[in-house]
Amino acid sequence: MNQEKTRSLIFTRRAALLGGGQLLLLSALVGRMYQLQVVEADRYKVLSEDNQISVRLLEPPRGRILDRFGISLAENDHNYRVEVIPEKVGDLKQVLAQLSRFIPLTDEDRDAIMLDAKKRRAFVPISVSENLSWHQLASIEVNAPDLPGVSIEVGQRRRYTQGRNCSHIIGYVAVPSESDLTGDPLLELPGFRIGKAGVEKQYDESLRGKQGSKRVEVDAVGRVVRELEDKRIAPTAGQDLVLSIDIGLQQFVQQRLASELSATAVVLDALTGDVLALGSTPAYDPSMFTRGVTVREWQDLTSDPLRPLANKATGGEYAPGSTFKMMVALAALKKGIDPNRHVVCPGIYTVGNTKFHCWKKGGHGSVDMYNAHKYSCDVFFYDTAMQTGIDNIADMARSFGLGAPTGIDIPGERRGLIPDSNWKQATYGEPWYPGETPSAGIGQGFITATPMQLAVMAARIASGRAVVPHFRRSGVIGGDEAATAEAPALDIPERHLEVVREGMRRVTNDQGGTAFRARIAEQGMEMAAKTGTAQVRHISMSEHLSGVRKNQDLPWQQRDHALFVCFAPVASPRYSLCVVVEHGGGGSAVAGPIAHDIMLETQRRNPARANLGQKLAMTQKS
Amino acid sequence: MRWPEPLTTFRRAELSIAEKLHQITWSMLFFVVLIGVFGFAMLYSAAHSVDPWAMRQGIRFVFGLGVLVAVALVDIRVYLRYAYAIYGIAFMLLIVVDVAGEIGMGAQRWIDLKVIQLQPSEVMKIALVLALARYFHRLSADNIGNPLVLVVPIIMVFAPVGLVLMQPDLGTAVMLVLVGAAMFWVAGVRLWKFIVVTAAGLGAVPVAWNFLHDYQKNRILTFLDPESDPLGTGYHITQSKIAMGSGGLSGKGFMKGSQAYLNYLPERQTDFIFAMLSEELGMIGGVLLLLLYTVLFVYGYAIAFNSRNHFGRLLAIGVTVNLFCYVFINMAMVMGLLPVVGVPLPLISYGGTAMLTVLFGFGLLMCVYVHRDLKIGQRGLGDDS
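So, here's what we can say about the structure. Just so it is clear, the structure is predicted and the values come from calculations on it, not from any experiment.

Looking at the nonpolar core
Residues and elements named next belong to chain B.
Point 1. Leu128 and Met183 are the most contacted members of the largest nonpolar core, which totals 128 residues.
Point 2. It is helix α13 (residues 310–334) that contributes the most residues to this core, 17 residues altogether.
Point 3. Apart from residues no more than four positions distant in its own chain, Met183 is found in contact with Leu132, Ala133, Phe136, Leu314, Ile317 and Gly318.

Thoughts on the pairing of strand β11 (residues 263–269) of chain A
Residue and element names in this part refer to chain A.
Point 1. Counting buried residues in β11 gives seven out of seven residues, a clear majority hidden from the surface.
Point 2. Of the two faces of β11, the one holding Ala263, Ala265, Val267 and Asp269 and the one holding Thr264, Val266 and Leu268 are both buried throughout.
Point 3. Across six bridges, the pairing between β11 and strand β12 (residues 275–281) is antiparallel. Bridged to Leu268 within β12 is Val275.
Point 4. Taking the residues that link successive antiparallel strands as the turn, the β11-β12 hairpin has five residues, and the phi of Gly273 there is positive, at about 90°.
Point 5. Pairing between β11 and strand β19 (residues 575–581): seven bridges, direction antiparallel. Considered in β19, the bridge of Val266 is made with Cys578.

Considering the interface of chain A and chain B
Point 1. Taken together, the 35 residues of chain A in the interface contact 41 residues of chain B.
Point 2. When residues of the side of chain A that touches chain B are traced back to their parent elements, those giving at least two are α1 (2–39) and α2 (41–52) of chain A.
Point 3. Residue contributions to the side of chain A that touches chain B peak at 22 residues, all from α1 of chain A.
Point 4. When the residues that make up the side of chain A that touches chain B are grouped by side-chain class, the tally is 19 nonpolar, nine polar and seven charged.

Let's talk about the sheet that holds strand β18 (residues 561–568) of chain A
Residues and elements named next belong to chain A.
Point 1. With antiparallel pairing, five strands are arranged side by side in an open sheet as β12-β11-β19-β18-β17. Single-partner strands in this sheet number two, and they are β12 and β17 (528–534). Between one strand axis and the next, the sheet turns through 10° on average, direction left out of account.
Point 2. Relative to the sheet, helix α20 (residues 451–463) contacts β11, β18 and β19, its axis offset from that of β19 by approximately 150°.

Thresholds applied
Residues numbered from 1 in each chain as written. Chains lettered and ligands numbered in written order. Predicted model: local features only at pLDDT ≥ 70, side-chain atom pairs only at ≥ 80, totals over all residues. Core = buried A, V, L, I, M, F, W, Y, C linked by C-beta atoms within 7 Å. Buried ≥ 20, exposed ≤ 12 C-beta atoms within 10 Å, placed from the backbone. Helix = DSSP H or I, 4+ residues; strand = E, 2+ residues; numbered from the N terminus. Contact = placed C-beta atoms within 7 Å. Pairing = 2+ DSSP bridges. Nonpolar A, V, L, I, M, F, W, Y, C, P; charged D, E, K, R; others polar. Axes fitted to C-alpha atoms, helices over the stretch in contact; angles between N-to-C directions.

In structure tokens:
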């Protein structure tokens with residue numbers, strides 16, 4: 001009994017201790033609750049918020065691209081697509097079979113979708129088909145009750161209204177490639193497209209607009225539970241881009257160039273630098289990029305020897321040939337050489353023991369600077385170039401925009417090349433040899449230029465202004481020149497320019513001028529011009545002797561390029577133009593007629609001065 | 001310290017069923033039901049519906065209450081008599097699941113009896129308490145000082161612990177050790193003996209470790225270091241802390257727990273239900289639940305102190321410590337104080353066996369109270385005082 005008492009006593013004491021220990025542990029739990037739920041509550045509230053709220057981007061509508069009169073060149077269509085959410089569908093196979101009654105779905109398509117559905121989480125929507133027609137849309141909507149888990153979503157798709165007519169100016173949009181990703185989450189939005197060429201690329205940022213966002217509540221696996229409506233930030237649409245292009249003229253130019261395999265033309269406003277039209281053939285259809293170009297199509301485009309993707313006006317470099325002669329003349333005038341100085345052309349010119357031929361066998365006889373332009377006499381310019389020196393010529397050429405990018409606002413512009421003695425030393429480690437100057441005097445040898453540069457050169461000759469070409473038209477749609485400032489004057493004496501203009505006038509307007517056949521006869525629309533022929537290959541002496549020297553006898557790729565620069569109207573120049581026909585042969589015969597047609601059409605439309613009121617009223621509906 | 005005299009003046013050994021029913025402390029039952037209702041509400045919130053958890057749990061709870069009363073009405077001497085037998089059966093069941101687990105290569109913890117999935121480790125929690133209570137009931141205060149008499153009860157504790165570890169079920173193993181230690185303690189075992197056993201136990205760990213298969217070792221390692229599996233258990237703990245912390249003092253409101261509702265919180269209806277409760281009802285709700293449990297612990301101690309037989313005292317303490325271990329380990333685990341070892345929150349977490357074990361335990365507690373004035377001699381099963 002005593003033992004029992006001891007045992008009971010020990011028990012009571014120890015049980016009390018045990019209970020006390022338990023109480024301590026329980027208060028530790030309360031302490032921990034206090035720490036988590038009171039002291040650190042704010043931090044955990046933020047974490048909890050982060051957990052459940054997910055920000056989803058809203059795609060901004062891309063700005064439209066308009067011509068100078070407000071005609072839409074690129075706009076956005078609704079892109080209706082069918083999506084299925086596998087977890088809501090039930091029997092996916094059967095629903096797809098149902099869908100295929102309304103939209104074309106091949107067995108492969110269906111297998112691909114089934115496979116996709118297996119790979120992804122069941123609540124992620126899978127795109128079944130894009131670009132639905134109204135008819136397809138309607139039939140799916142009507143049958144919606146039989147199509148569980150099928151929904152129609154709207155995205156946007158770029159639509160180019162002009163097709164191939166301005167593909168080289170506008171460029172295209174496409175899905176960003178790996179290298180385009182900057183970390184901007186907008187770029188990773190499914191279906192988002194960015195400008196990849198042309199002004200679409202150049203002005204991508206302002207066209208793109210600003211993303212909006214919505215906040216959605218998501219669960220642990222990322223499924224959207226609901227949207228928090230009051231947290232929605234609407235996207236800001238991209239700005240519309242107004243181009244200086246006159247789409248009517250552009251269409252004319254592009255279609256006129258189509259008579260040749262590969263050609264390009266640039267029409268500029270010689271006062272402002274507005275690019276009124278830029279043609280380059282062959283062209284491509286930009287819409288194939290928005291829908292996604294196939295490997296096959298891409299290979300066809302890139303392997304085509306006619307380079308349809310290339311904008312030849314800014315990306316093609318050609319020896320300017322005789323169109324460069326004005327630069328030689330102006331450099332000579334600046335050096336003080338008298339425009340009336342006569343040079344006798346015997347058809348051949350000799351430096352040391354190298355002989356340079358004039359294009360005309362037998363020569364032109366005695367010519368001054370005016371007629372040297374008119375007849376495009378090579379010997380006159382061989383001699384004048386020798387008198388002037390390569391560095392002076394190069395300086396003059398550069399002040400007319402050659403040898404450096406013009407700054408035209410589309411990507412991929414080439415700079416051409418204007419050689420001088422420094423360049424020769426730096427590039428070849430050799431001095432400039434006097435024997436190299438005569439070739440430079442007729443725009444051959446090292447010299448290259450883009451058609452855009454040549455059009456700028458012609459514009460600067462015509463207006464005496466430091467014109468810089470551009471596609472973006474500042475100011476209001478349809479506004480006249482007031483909105484676009486005229487370019488500042490060049491530092492060239494007007495009388496020097498007059499000499500060259502008169503020489504160029506004679507080329508087309510005087511009997512015997514090299515482009516007399518291409519003259520514009522209409523009163524008040526006459527143009528001044530200069531032809532050029534750029535050798536692509538050197539014609540060997542043996543070929544000279546054997547008589548194989550006519551262009552038509554050579555394979556196409558080896559024929560000369562035909563060049564033509566001009567401005568009009570002569571009396572009060574406003575427009576300048578450069579036409580290059582790749583491997584076309586002679587400048588006057590091939591490029592001349594094209595230049596004639598384009599310059600005549602340009603003046604008839606007179607986009608720089610057109611009264612725009614009615615045009616606007618008709619076209620501003622979109 | 002003095003404890004209040006028994007509330008009734010019964011001194012008789014034998015009670016009729018009606019008398020026993022009269023003896024049942026209905027007030028304690030009220031608190032049990034209160035916690036059960038708490039659990040029902042939380043399971044309803046977890047699914048926003050009575051399906052699939054709340055209704056089934058509710059039915060089980062009502063059934064469990066019946067078991068509780070039935071258990072309380074059985075003569076306490078029956079438990080004393082069959083204590084070793086129950087322990088033996090539980091031990092055999094543990095071996096069966098271990099063998100089955102061996103074959104299945106998985107963490108096998110239950111035997112499928114079709115009607116109910118029996119978890120022998122849960123049965124063992126009660127069985128061990130019964131066996132130890134009987135063993136110590138028979139030892140006099142002098143005997144307890146003899147280290148040799150402790151060999152048998154030590155084996156009683158560690159044999160099932162070893163089997164449970166092989167499953168591996170660290171939570172149950174820890175609970176068995178803690179409950180065993182508590183009973184050794186109140187039985188009067190000297191403190192230095194605990195130290196010796198602890199040291200020996202630690203020494204045995206490397207030996208036991210070598211008997212384990214690689215997959216068993218891996219499972220135990222992950223149990224001990226959940227951070228080594230950041231997308232698994234570590235993620236669970238992080239989300240659980242976010243749920244609790246973001247609930248703040250007053251909670252986000254019943255059925256408004258975003259962590260739980262949006263599935264960030266894992267196992268919200270079972271082991272982590274306290275995190276959901278704390279998110280929705282805040283610290284206030286959590287402390288309230290803790291207080292309800294504490295009330296039950298106090299009942300447990302009061303019953304132990306009021307029992308005039310040593311078996312009943314030990315049984316009451318064992319059951320109470322067992323309940324305490326459930327509550328403490330579960331809450332500490334959810335709060336990130338202990339590794340995640342898979343211990344449910346009694347009467348709240350969804351799950352049948354644990355609830356039945358706990359209610360069976362309350363039944364025993366009640367039984368001790370009903371038979372508090374029965375004196376049982378150390379040798380015999382009757383009143384031989």
